[in-house]
Amino acid sequence: MPFRPRVCCGMTLSGGAAVMVRAWRSSGGTVHQAILAPGDAAAHRQGLAESDRSGGATAGCLAVQESLTLWLNSPLASRAKAEKVLPSLLDIQLPFPLEDCLYQFVEFRRTSEGIVSALVCAARREAIQACLDRYQAQGTDPMLLDHEGLALWTQSLAECPAEPRRHRILIYLADDHTTLVIGCGERYGTAHSLQMPPPPAADDGLVNRLQLLLHAGLPAGVGAQWLFCGARAGETAVVETLHRSLTRDWPGPLTRHKEPASFLARALCERALKRGPLRCNLRQQTFTHPAVRRAVDGRARNAAVGILVAGLLLVGFSLTSRLLGEHRLNLIKAEIAAMAGELAPGVTIPYGREIPEVQKAWEKQALLTAPFMDAFAPSLAPRLAEVVKAGRASAVRFETLSLRRNSLALTGVAEDWDQCGQLEQRLKALGYAVKLQRQEAIAENEVRFTVNAEGGGP
Amino acid sequence: MKPNALFILQACALAVFLAGILASIVTFRQNLGLSDKIRNKNETLSQLAAIKQTRDRHLAALQAFEALSNAVPATLASLGRAAVTNATPEIRERESRNLTAGWTLRQMEAVFSEMNLSQLPDFLQAAEMQRPPWRLMECTLASSRQADGLGRAVLIMEAAEKIGRQMPDDGRQPARRSLGEGGTTEDRRRIP
């Protein structure tokens, strides 16, 4: 389905009588159901009209008699590759041409041998058309055409969970036919239909036919879980007689589903409203319901419009991004031109030469204004005081002192060789790179020294 | 929707989407180049802003000088007489160059032949406290062999001045007064 409806009408036809269930899904995902009176055409029409108004779906089913389900084992381990060969394998299995039927692979499993096994549901086009005609005769045109056996199986599992690895036999007792679905655990096996209604009391004919079918699929003596549903499952005597007869070979407990008459219709609603395994719709290709086709078209149209809008947004964002980038670049260029014009008035500045031209102009201008700036720089006078203080602290006597901004030259005398070293350390502490030369006085006791120092300027 | 219309819509959507992808790729590439340009221009702008900041600091300093009530610094001779006892400096002009806005930078050499060196800091402080201020650029001291604490000092000092600005109210005109008192080379320079 191209959409998930919130409301659904499930309808089954059995012996010319319609059973309808109206169901709706709440926002929490819970499905609520209302069973309409069987055979009440007015109530059915009203239910269908309400479902149409709320955009709901209508679901019907194709009887097991008119279709088949089959497990196909592909020789391949890859599912993608298996999907390509499975139709050919199905064609071999079918008694009629594949082109005459519609099919859907509803489940894929990997076997213990590692190959892909697929469950296919198929029906002839004529059977589908006949089924649709029957529904239309009842005044409805189902959007979904499910498979009776699959619907019975999944609903049975939903209402009565399977026992692991135990065989499970579901018998659907309708007014005009009996359907047998066999599986193991949760795994669907096969479905059979007998065009004979259950008799009012024990009838060996139906039991024998059922035993024949069961012997073909189940070895005698294995335990099984027996489940009954359908309009006639409400008759206790019929169900118990069948169960008693069949459990001789396949012993197991009996379970009767609640509301057995509407069981299949409820199954159709549940499957239409909720996601889950073994979902199937045989209204395909030319049989597709117009509403479904419209929904498919709508989805394609919405996807195309989405892509169109995405493309337009991409183009728009690209152009906008480009324009914004260029606008920003132009703003910066204008700012540069304005600042360069302010810093180098009267100078024609070629594009891209702003820095060299402005620097050239500024160097000329800076010569005229730098002395004003220098007036606020630290003076040499405190540095002179620091040098004199360093000399006093080292107990040396300066003879000459020459101080410039980044250099210092001293000559003097000290009473001790080490006092010159103290002076050197103190000058280094002021930030000078000091070259000290000392010489012993021959005639005197004092040490003469010369200091040449660089750096350390304030 | 008719199949043809849906097909046309899908084809148009695909074409526009591809155009959008193409435009995005082209724009992305162009924007890479553009971002490089913007980065370079921002660097240029930063350098210009740094120059402008330096210039603004210089102009602010000039403004501080312009705001002074006195545009001519006190003479070094008068400062020397006031701060140093028993020593009259010999003043010589070393260099003079024009600055901006009518200001002139003068570099003077003050030579104290025999001075009490302990008074030198007072002289320098007095000179640097003037408005406009004198700045010590170079200093050469030589101690005297005759007496402790005495020596010769050669000071290179510079100051900015603006001739033609009104003098302060205290009527201090060191140039003419110094000339009257026997004067120095600095004083002579100030004779119109």
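Located above this text is the structure these notes cover.
Conventions adopted
- Residues numbered from 1 in each chain as written.
- Chains lettered and ligands numbered in written order.
- Predicted model: local features only at pLDDT ≥ 70, side-chain atom pairs only at ≥ 80, totals over all residues.
- Heavy atoms only, no water.
- Helix = DSSP H or I, 4+ residues; strand = E, 2+ residues; numbered from the N terminus.
- Buried < 20%, exposed > 50% of the residue type's maximum accessible area, 1.4 Å probe, protein only.
- Contact = heavy atoms within 4.5 Å.
- Areas by Shrake-Rupley, 256 points an atom, 1.4 Å probe, with all protein chains shown as cover.
- Pairing = 2+ DSSP bridges.
- Axes fitted to C-alpha atoms, helices over the stretch in contact; angles between N-to-C directions.
- Buried area = accessible area lost by both parts, 1.4 Å probe.
- Salt bridge = Lys/Arg side-chain N within 4 Å of Asp/Glu carboxyl O.
- Polar contact = N/O pair within 3.5 Å; in protein donor to acceptor, adjacent residues only side chain to side chain.
- Nonpolar A, V, L, I, M, F, W, Y, C, P; charged D, E, K, R; others polar.
- Parallel < 35°, antiparallel > 145°, perpendicular 65-115°, else oblique.
- Left-handed = near helix turned anticlockwise from the far one by under 90°.
- 1 Å grid on protein atoms, 1.4 Å probe; cavity = no way out; pocket = protein on both sides within 12 Å on 5 of 7 lines; lining within 4 Å.
- Points joined across faces, edges and corners; volume = space filled by probe spheres on them.
- Core = buried A, V, L, I, M, F, W, Y, C linked by side-chain atoms within 4.5 Å.
- Bend = angle between axes of the 7 residues up to and from the residue.
- Expected span 1.5 Å × (residues − 1).

A. Up close: the overall build of chain A. If you tally the helices and strands in chain A, you get eleven helices and 17 strands. For chain A, the proportion of its 458 residues judged to be buried stands at 45%. Put simply, of all contacts in chain A between residues at least 6 apart along the chain, 62% involve residues at least 24 apart. For chain A, the accessible surface area stands at approximately 22200 Å², while carbon and sulfur atoms represent 54% of it.

B. A look at the sheet that holds strand 6 (residues 101–110) of chain A. All names here are of chain A. Spatially, 5-7-6 is the arrangement adopted by the three strands of the open sheet, whose pairing is antiparallel. Strands with a single pairing partner mark the edges of an open sheet, and in this sheet they are strand 5 (67–73) and strand 6. For this sheet the average axis-to-axis angle between neighbouring strands, irrespective of direction, equals 20°. Of the pairings in the sheet, the one linking strand 5 to strand 7 (residues 116–124) comprises seven bridges and is antiparallel in character. Across the sheet, the residue bridging to Trp71 is Leu119, located in strand 7. Along the sheet, helix 3 (residues 125–137) contacts strand 6 and strand 7; its crossing angle with strand 7, the most-contacted strand, is approximately 60°.

C. Summary view of the sheet that holds strand 4 (residues 57–62) of chain A. Residues and elements named next belong to chain A. Taking strand neighbours across the sheet as the criterion, the five strands line up as 3-2-1-4-8 in an open arrangement whose pairing is mixed. Two strands close off the open sheet at either side, each with one partner strand: strand 3 (31–35) and strand 8 (144–147). Within the sheet, the average angular offset between the axes of one strand and its neighbour, ignoring direction, is 30°. Across eight bridges, the pairing between strand 1 (residues 7–14) and strand 2 (residues 17–25) is antiparallel. What sits directly across from Thr12, in strand 2, is Val19. Here helix 3 sits on the sheet and contacts strand 1, strand 4 and strand 8; the angle it forms with strand 4, its principal contact strand, is near 125°.

D. Quick peek at the interface of chain B and chain A. The interface is formed by 56 residues belonging to chain B together with 59 residues belonging to chain A. A combined buried area of about 5200 Å² lies between chain B and chain A, and 71% of that area is made up of carbon and sulfur atoms. Between chain B and chain A we count three salt bridges in total. Run the count over chain B and chain A and you get 15 residue pairs in polar contact (both at pLDDT 80 or more). Put simply, the parts of the chain that give the side of chain B that touches chain A at least two residues each are helix 1 (3–66), strand 1 (90–98), helix 3 (120–128) and strand 3 (135–143) of chain B. For the side of chain B that touches chain A, the element with the highest residue contribution is helix 1 of chain B, accounting for 36 residues. Of the residues that constitute the side of chain B that touches chain A, the class distribution is 32 nonpolar, 15 polar and nine charged.

E. Structural detail: the side chain of His289 of chain A. By secondary structure assignment, the location of His289 of chain A is in the loop between helix 7 (263–273) and helix 8 (290–343). When near neighbours in sequence (up to four residues on either side) are disregarded, His289 of chain A contacts Asp141, Pro142, Met143 and Arg283 of chain A.

F. Up close: the packing of helix 4 (residues 148–159) of chain A against helix 7 of chain A. Residues and elements named next belong to chain A. At their nearest, the axes of helix 4 and helix 7 sit 9 Å apart, and the two run at 85° to each other. When the axis of helix 4 is compared with that of helix 7, the two are roughly perpendicular. Listed contacts from helix 7 to Glu148, Leu150, Ala151, Leu152, Thr154, Gln155, Ser156 and Glu159 of helix 4 are Phe263, Leu264, Arg266, Ala267, Leu268, Glu270 and Arg271.

G. A look at the packing of helix 8 of chain A against helix 9 (residues 354–374) of chain A. All names here are of chain A. Orientation of helix 8 relative to helix 9, taken along the N-to-C sense of each, is 25°, at an axis distance of 9 Å. Of the possible angle classes, the one that applies to helix 8 and helix 9 is roughly parallel. Taken as a pair, helix 8 and helix 9 cross one another with a handedness that is left-handed. Of the residues in helix 9, those in contact with Ile336, Ala340 and Leu343 of helix 8 are Glu354, Val358 and Gln365. Taken together, the residues of the contact of helix 8 with helix 9 sort by class into four nonpolar, one polar and one charged.

H. Broad picture of the pattern of salt bridges. All names here are of chain A. Summed over all chains, the structure comprises 28 salt bridges over all chains. Across the pair Arg448 and Glu399 runs a salt bridge, and its minimum N-O distance is 2.6 Å. In this pair, Arg448 sits in strand 17 (residues 447–455) while Glu399 sits in strand 14 (residues 396–403), placing the two residues 49 residues apart along the sequence. Under the relative-accessibility criterion, Arg448 is labelled partly exposed at 27%. By relative accessible area, Glu399 is classed as buried at 19%.

I. Main features of the layout of surface pockets. Empty space within the largest pocket amounts to approximately 850 Å³. Of all elements in the fold, only helix 10 (380–393) and strand 14 of chain A together with helix 3 and strand 3 of chain B reach the threshold of two or more residues within the lining of the largest pocket. In terms of residue count, the dominant contributor to the lining of the largest pocket is helix 10 of chain A (seven residues). A class-by-class count of the residues in the lining of the largest pocket yields 15 nonpolar, nine polar and nine charged.

J. Molecular detail of the nonpolar core. By size, the foremost hydrophobic cluster in this structure holds 53 residues, and its most contacted members are Ile128, Leu150, Leu152 and Tyr188 of chain A. In terms of residue count, the dominant contributor to this core is helix 7 of chain A (eight residues). Those residues within four positions of Ile128 of chain A in sequence are excluded, and the remaining contacts are Leu62, Leu102, Ala123, Leu145, Leu282 and Phe287 of chain A. Among the nonpolar cores identified, the runner-up in size contains 46 residues, and Leu410 of chain A together with Ala77, Ile91 and Phe112 of chain B belong to it.

K. Region of interest: helix 9 of chain A. Helix geometry: helix 9 of chain A is bent most strongly at Leu367 of chain A, by close to 50°, with proline Pro371 of chain A lying one to four residues after it. Residues of helix 9 of chain A that are buried: Glu354, Ile355, Glu357, Val358, Ala361, Trp362, Ala366, Thr369, Pro371 and Phe372 of chain A.

L. Region of interest: helix 2 (residues 79–93) of chain A. All names here are of chain A. With 15 residues, helix 2 extends 20 Å between its outermost C-alpha atoms, agreeing within 8% with the 21 Å of an ideal straight helix rising 1.5 Å per residue. Of all the bends in helix 2, the greatest, near 35°, is centred on Val85, and the proline Pro87 appears no more than four residues after it. All buried positions along helix 2 are accounted for by Ala82, Leu86, Pro87 and Leu90. Where helix 2 is buried, its residues touch strand 5, strand 6 and strand 7.

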